[in-house]
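Per-entry structural report
Now for the letters of each chain:
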Amino acid sequence: MDLTFWKGKRVFITGHTGFKGSWLCRVLTGAGADITGYALTPPTNPNLFSISGIEDKINSCIGDIRDRDMLARAFDKSQPEIVIHMAAQPLVRDSYKNPAYTYETNMLGTVNILECVRTIGGVKSFLNVTTDKVYHNNEWEWGYRETDALDGFDPYSNSKSCAELITRCYRDSFFLDKKTAISTARAGNVIGGGDFANDRIIPDCIRAAATKKNIIIRNPISVRPYQHVLEPLFAYLLIANKQYEDTSFMGSYNVGPDDKDCVSTGVLADLFCKAWGDGQSWETPGQISGPHEANFLKLDCSKIKSRLGFRPRWSVDEAVKRTVEWTRVYMQKGDVCAVMDEQILLYKCL
C-alpha cells in the first residue's frame, strides 16, 4: 500500500469527526495530504477525533452537511482535488427513531456535496461512501454484487440506496466529460479502536467488559461482513487514487472481507471474549425485541479485487485483536496515537 500519491494532495473529507473519518485523517496526515474536514461535532463523548490529535493537523470545519451555503464556503476555500464523502447518520436503529433527519442527512447531504463538486469545480476524484446495506436483502447465502438491486429496508439503508442513485444521476447528468471521476464504495461492518457508538456490537462488548458485566447479544445468528476499519479506508484511498489517474476506474465497488471472515454476531462475540480474556462471556436476552434487521448479509468483492487489485489483509480474528489492543492502551491512559500509527504501518506494509 504505497501512499506517496497523497503527499500534497488537497483532500476534502466530510464526516471527518466520526470514527472512520478520524482514522482516515490519521492515515492521510501521515501520508502528507492537505486535508480539510467538514462535519458536525464528534457524535460521542469520548470520541476518537479528540483522542487521536487530528484537529491540530488538518483544517477542521464544524458544520452541518445539510447547510449547503456553509458547505460551499468551506469547499470553495479549500479548492480540493479529491473529495471523500462520509458524512451520514450511520446507525440503523437511530434511523427508526428519527427517519426524517436520517433522510435529510444522507440524501440531501449527498446532493449538497455533489452540487459543490458541480458548481465550484476543480475536483478530479469524488468518492461517496455508502454501505453494504444498500441492497435489497433476500437473506441468501451468497454475496451481493454491484449489479444487484438497490432497495435498503430501513430508513438508514434506504437513504443510502437513494444516495447511490443520486450519485449515479449526477455522474450521468453532469460529469459525462469525465473531467471528474465519480464512484461509490459499499463497505461492510467495521470494527477498530476508538469506536464509542451505541448499538454497535464491539463497542457494546467493550462497555460490558470494562464494567465486568456479561455482554448482551441481541441476535447471535445474524451474519455480517465484519472487517477492521483500515480495510475499507485503504480501499477508499485506492479507488480515489486510481480514478484520479484514470477515469475508466470509476464505478461502484463492494468493500468487504473474504467469505471466511463473514461471521455471525455470536462468533464475533466469542472472538472478542477470547481476545479480552478475564473470563469474559456473553448471553442473549430472554426476549429479542427491536426494529427489523437483516439476518444474513455478505458482499461479493470480486470487482475491486480484479479491477484494482485490492485484497483484505486482516482476518476478523486479527481485527478483533487489534481493537482490543487499542482499547487496552486507552483504558490504561497510554499513547493511543502511537498505537494507531503502528497499526496503520503494520497494515500498509503487509
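Preceding block: the structure.
Here is a short report on the structure shown in this document.

What counts, and at which threshold
Residues numbered from 1 in each chain as written. Predicted model: local features only at pLDDT ≥ 70, side-chain atom pairs only at ≥ 80, totals over all residues. Heavy atoms only, no water. Helix = DSSP H or I, 4+ residues; strand = E, 2+ residues; numbered from the N terminus. Expected span 1.5 Å × (residues − 1). Buried < 20%, exposed > 50% of the residue type's maximum accessible area, 1.4 Å probe, protein only. Arc of directions from axis to C-beta. Contact = heavy atoms within 4.5 Å. Polar contact = N/O pair within 3.5 Å; in protein donor to acceptor, adjacent residues only side chain to side chain. Pairing = 2+ DSSP bridges. Axes fitted to C-alpha atoms, helices over the stretch in contact; angles between N-to-C directions. Parallel < 35°, antiparallel > 145°, perpendicular 65-115°, else oblique. Left-handed = near helix turned anticlockwise from the far one by under 90°. Salt bridge = Lys/Arg side-chain N within 4 Å of Asp/Glu carboxyl O.

1. What about helix 12 (residues 336-348)?
- For helix 12, with 13 residues, the first-to-last C-alpha span of 18 Å sits near the 18 Å given by 1.5 Å per residue.
- Listing the buried residues of helix 12 in full gives V336, C337, V339, M340, Q343, I344 and Y347. Looking straight down helix 12, one finds that the buried residues subtend no more than 160 degrees of arc, so they occupy a single side.
- The secondary structure elements touched by the buried residues of helix 12 are helix 1 (19-30), helix 2 (48-51), strand 10 (227-228), helix 8 (230-245) and helix 11 (316-331).
- One side-chain oxygen at the N-terminal end of helix 12 lies 3.2 Å from the backbone nitrogen of C337; it belongs to D335.

2. Some thoughts on the sheet that holds strand 1 (residues 10-14)
- Strands sit in the order 3-2-1-4-5-6-11 across an open sheet of 7 strands; the sheet is parallel. At either end of the open sheet lies a strand with only one pairing partner, and these are strand 3 (59-62) and strand 11 (252-255). Strand-to-strand twist of the sheet, defined as the mean angle between neighbouring strand axes without regard to direction, takes the value 15 degrees.
- As paired strands, strand 2 (residues 34-39) and strand 3 are joined by 4 bridges and run parallel to one another. When the sheet's bridge partners are listed, Y38 is paired in strand 3 with C61.
- Its contacts with the sheet place helix 1 against strand 1, strand 2, strand 4 (82-85), strand 5 (125-129) and strand 6 (181-187), and it is angled at close to 170 degrees to strand 1.
- Across the sheet, helix 3 (residues 68-78) is in contact with strand 1, strand 2, strand 3 and strand 4; its angle to strand 1 comes to roughly 160 degrees.

3. Details of unusual backbone geometry
- The peptide bond linking N45 to P46 adopts the cis configuration, its omega dihedral lying at 5 degrees.
- Here P46 lies in the loop between strand 2 and helix 2.
- We note that K178 has phi near 60 degrees; this positive angle belongs to a residue other than glycine.
- Take K178: its relative accessible area is 47%, and that puts it in the partly exposed class.
- Phi at D199 is positive, roughly 60 degrees, even though this residue is not glycine.
- Its location among the elements puts D199 in the loop between strand 7 (190-191) and helix 7 (201-210).
- Take D199: its relative accessible area is 29%, and that puts it in the partly exposed class.

4. So, the packing of helix 11 against helix 12
- Their axes nearest at 9 Å, the elements helix 11 and helix 12 cross at an angle of 160 degrees. Between helix 11 and helix 12, the interaxial angle falls into the category roughly antiparallel. Taken as a pair, helix 11 and helix 12 cross one another with a handedness that is right-handed. For the pair helix 11 and helix 12, contact is made by R322, E325, W326, V329 and Y330 and by V336, V339, M340, Q343 and L346, respectively.

5. A few points about the pattern of salt bridges
- Counted under the stated rule, the structure contains 20 salt bridges.
- The closest approach of N and O atoms between K97 and D94, which form a salt bridge, is 3.7 Å. Remark: D94 and K97 occur in helix 4 (residues 92-97); sequence separation between them is 3 residues, near one turn of the helix.
- R200 is paired through a salt bridge with D195; the nearest N and O atoms lie 3.2 Å apart.
- When its relative accessible area of 24% is taken as the criterion, R200 is described as partly exposed.
- Overall, the relative accessible area of 8% leaves D195 in the buried class.
- Each member of the salt-bridge network shares a partner with another, and the members are D64, R66 and E104.

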